[in-house]
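Single-letter residue listing:
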Amino acid sequence: MAEHVYKKIEIVGSSPQGMEDAVHNALSRASTTIRNIRWFEVTETRGYVEEGKIAHWQVTLKIGFTLEE
């Protein structure tokens, strides 16, 4: 395994469908502008309540990607 240097950023994804979809939405969008994404970590989970029901989920992710040589 070669030695890699990683950069880590924080993003927030959301979805009315659930936490997993919120993660997918965040990673999908991030991958359009960030290359070499290698891992993610969910650091925070929130929900928005509207009229006593869950309206949507939000997840905060730290994502790591390798820097190009």
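Below, the structure is looked at part by part. Since this is a predicted model, take the numbers as computed values, not measurements.

### With respect to the overall build of the protein chain
Across its full length, the protein chain holds one helix and three strands. The globule rule puts the C-alpha radius of gyration for 69 residues at 11 Å, and the 14 Å found for the protein chain is more than 25% above it. The dimensions of the protein chain, computed from C-alpha atoms along their principal axes, are 50 × 20 × 15 Å. Burial status across the protein chain gives 23% buried among its 69 residues.

### Quick look at the side chain of serine 15
The residue serine 15 is located in strand β1 (residues 6-15) in this model. For serine 15, a relative accessible area of 4% puts it in the buried group. From its side chain, serine 15 meets the backbone nitrogen of glutamine 17 in a polar contact 3.0 Å long. In this structure, serine 15 is in contact with Asp21, Ala22, Asn25, His56 and Trp57, ignoring residues within four places of it in sequence.

### A word on helix α1 (residues 19-30)
Here α1 contains twelve residues, and its C-alpha end-to-end distance of 17 Å stays within 8% of the 16 Å for a straight helix at 1.5 Å per residue. Those residues of α1 that fall on the buried side of the exposure criterion are Ala22, Val23, Ala26 and Ala30. The buried side chains of α1 occupy one side of the element, clustering within an arc of 100° when seen end-on. Turned more than 90 degrees away from the buried face of α1, the exposed residues are Glu20 and His24. Taken together, the buried residues of α1 touch β1, β2 (37-50) and β3 (53-66).

### Focus on the pattern of salt bridges
The final tally for this structure, using the stated rule, is two salt bridges. Measuring nitrogen to oxygen at the nearest pair gives 3.1 Å for the salt bridge that ties arginine 46 to glutamate 44. Given a relative accessible area of 30%, arginine 46 falls into the partly exposed group.

What counts and what doesn't
- Residues numbered from 1 in each chain as written.
- Predicted model: local features only at pLDDT ≥ 70, side-chain atom pairs only at ≥ 80, totals over all residues.
- Heavy atoms only, no water.
- Helix = DSSP H or I, 4+ residues; strand = E, 2+ residues; numbered from the N terminus.
- Rg over C-alpha atoms; globule rule 2.2 N^0.38 Å.
- Buried < 20%, exposed > 50% of the residue type's maximum accessible area, 1.4 Å probe, protein only.
- Polar contact = N/O pair within 3.5 Å; in protein donor to acceptor, adjacent residues only side chain to side chain.
- Contact = heavy atoms within 4.5 Å.
- Expected span 1.5 Å × (residues − 1).
- Arc of directions from axis to C-beta.
- Salt bridge = Lys/Arg side-chain N within 4 Å of Asp/Glu carboxyl O.

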